[in-house]
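Descriptive analysis of the structure
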Amino acid sequence: MEDKINISELICTRISHDLIGNIGAFANAVELLEDEDDDFIDEIKNTLKTSSEVLTARLKFFRMAFGLTNANLENIETVKKVTEDYLQTLNLNHPVKADIKIINSPFNRAVMLACMCAAEVIVRGGTVKVSSTRQAIIISAVSDSPLAQNKISAMQTMLEGGTPENISQYAPLYYLQKILNDEERKLSLIHISEPTRPEPIS
């Protein structure tokens, strides 16, 4: 897989995609502010506040999940807080929550990436669940609403060695696989459309 796919290119493309929308909204609000139109001042303030909070949360998450190893990755509570803040930016109307149980700190970066992967399949709110053992990391996506089956299928294709369409969208999973392969650990990916009925997809 590494011979065919440049993971750094995928990560750069994915991060750019996840930031550009809010950067655009921020820039538009600044332009309106410069026009000094008082009719839109409340809307402008709300846009600036929301975009700023989203960008801050996402940048903190991306720096830890994809950047150089730093002391924050050793702090489990910091990892949980940064991850939870990131997940809350994904759908303001239908929040995605986190249930993170980390067994050992070497898994912390992988846990963040796992949360990012699981959140991809949640459409109308739900919970990302991540736990780890010494040999494996276990990801679950739980929601009372239907999950994104096309994304689940794409992830299944990846786990079987194939290449899905729009591969940059799945940069976190490519990177997660690389980390786990380097450490000779396994990935267990589960989606749960109803909390009492887990259905393995790999």
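The sections below set out a description of the structure shown in this document. (Residues numbered from 1 in each chain as written. Predicted model: local features only at pLDDT ≥ 70, side-chain atom pairs only at ≥ 80, totals over all residues. Heavy atoms only, no water.)

1. Some words on the overall build of the chain
Summing up its helical and strand segments, the chain has six helices and five strands in all. Put simply, the chain runs from its N terminus to its C terminus through helices and strands in the order α-α-α-β-α-β-β-α-α-β-β. Looking at the 202 residues of the chain, the share that counts as buried comes to 43%. Summing over all exposed atoms, the chain offers an accessible surface of approximately 11,300 Å²; the carbon and sulfur share of this is 49%. (Helix = DSSP H or I, 4+ residues; strand = E, 2+ residues; numbered from the N terminus. Buried < 20%, exposed > 50% of the residue type's maximum accessible area, 1.4 Å probe, protein only. Areas by Shrake-Rupley, 256 points an atom, 1.4 Å probe, with all protein chains shown as cover.)

2. Remarks on the pairing of strand E3 (residues 136–142)
Of all seven residues making up E3, six are buried, and the element is well covered by its neighbours. The pairing of strand E2 (residues 126–132) with E3 spans six bridges and is classified as antiparallel. Residue pairing in the sheet places Lys129 in a bridge with Ser140 of E3. Linking E2 back to E3 in an antiparallel pair, the connection comprises three residues. (Pairing = 2+ DSSP bridges.)

3. Description of a negative patch on the surface
Negative charge collects at one region of the surface, where Glu31, Glu34, Asp35, Glu36, Asp38 and Asp39 lie side by side. Examined against the element boundaries, Glu34 turns out to sit in helix H1 (residues 7–34). (Patch = residues over 30% accessible without salt bridge, like charges linked within 9 Å, V, L, I, M, F, W, Y side chains within 5 Å. Salt bridge = Lys/Arg side-chain N within 4 Å of Asp/Glu carboxyl O. Lys, Arg positive; Asp, Glu negative; His and termini not counted. Charge placed at Lys NZ, Arg CZ, Asp CG, Glu CD.)

4. Describing the packing of aromatic side chains
Following the criterion strictly, the structure yields five aromatic pairs and no others. Ring centres 6.1 Å apart and planes at 70 degrees place the aromatic pair Phe61 and Phe62 in the edge-to-face group. Like Phe62, Phe61 is buried. Seen in terms of ring centroids, Phe61 and Tyr86 are 4.1 Å apart; in terms of plane orientation they differ by 10 degrees. Their pairing is stacked. Pair noted here: Phe61 is in helix H2 (residues 41–66) and Tyr86 is in helix H3 (residues 76–88), with a separation of 25 residues, a long-range link. Considered together, Phe61 and Tyr86 belong to a single accessibility category, that of buried residues. Through a chain of ring-to-ring contacts, the aromatic side chains of Phe61, Phe62, Phe66, Tyr86 and Tyr175 assemble into a single cluster. (Phe/Tyr/Trp six-rings, centres within 6.5 Å; stacked < 30°, edge-to-face > 60°.)

5. Quick notes on the nonpolar core
Judged by nonpolar contacts, the single largest core of 51 residues is most densely connected at Phe66, Val128 and Leu176. By residue number, the principal contributor to this core is helix H4 (residues 108–119), which donates ten residues. (Core = buried A, V, L, I, M, F, W, Y, C linked by side-chain atoms within 4.5 Å.)

6. Here we look at unusual backbone geometry
Backbone geometry at Asn166 places phi at a positive 50 degrees, although glycine is not the residue there. Along the chain, Asn166 turns up in the loop between helix H5 (149–159) and helix H6 (171–182).

7. Some points on the state of the cysteines
Per the stated rule, a full pass over the model turns up zero disulfides. Not part of a disulfide, Cys115 finds its nearest cysteine sulfur in Cys117, a span of 9.2 Å. Judged by its relative accessible area of 0%, Cys115 falls in the buried class. What makes Cys117 buried here is its relative accessible area of 2%. (Disulfide = S-S within 2.5 Å.)

8. With respect to the pattern of salt bridges
What the rule picks out here adds up to six salt bridges. Between Arg14 and Asp18 there is a salt bridge; the shortest N-O distance is 2.8 Å. One end of the pair, Arg14, and the other, Asp18, are both in helix H1, four residues apart, so they sit about a helical turn from each other. Residue Lys101 is joined to Asp99 by a salt bridge in which the shortest nitrogen-to-oxygen separation is 2.8 Å.

9. Brief notes about H4
Its twelve residues place the ends of H4 17 Å apart at the C-alpha level, agreeing with the 16 Å of an ideal helix rising 1.5 Å per residue. Taking burial as the measure, the twelve residues of H4 include twelve buried ones, the bulk of the element. Turning to H4, its buried residues number three or more, namely Asn108, Arg109, Ala110, Val111, Met112, Leu113, Ala114, Cys115, Met116, Cys117, Ala118 and Ala119. (Expected span 1.5 Å × (residues − 1).)

10. Looking at the packing of H5 against H6
Where H5 meets H6, the axes come as close as 11 Å, and the angle between the chain directions of the two elements is 30 degrees. Compared by their axis directions, H5 and H6 come out roughly parallel. Relative to H6, H5 is oriented so that their crossing is right-handed. Only Leu173, Tyr174 and Gln177 of H6 make contact with H5, whose side of the interface consists of Met155, Met158 and Leu159. Residue composition of the contact of H5 with H6, grouped by class: five nonpolar, one polar and no charged. (Axes fitted to C-alpha atoms, helices over the stretch in contact; angles between N-to-C directions. Parallel < 35°, antiparallel > 145°, perpendicular 65-115°, else oblique. Left-handed = near helix turned anticlockwise from the far one by under 90°. Contact = heavy atoms within 4.5 Å. Nonpolar A, V, L, I, M, F, W, Y, C, P; charged D, E, K, R; others polar.)

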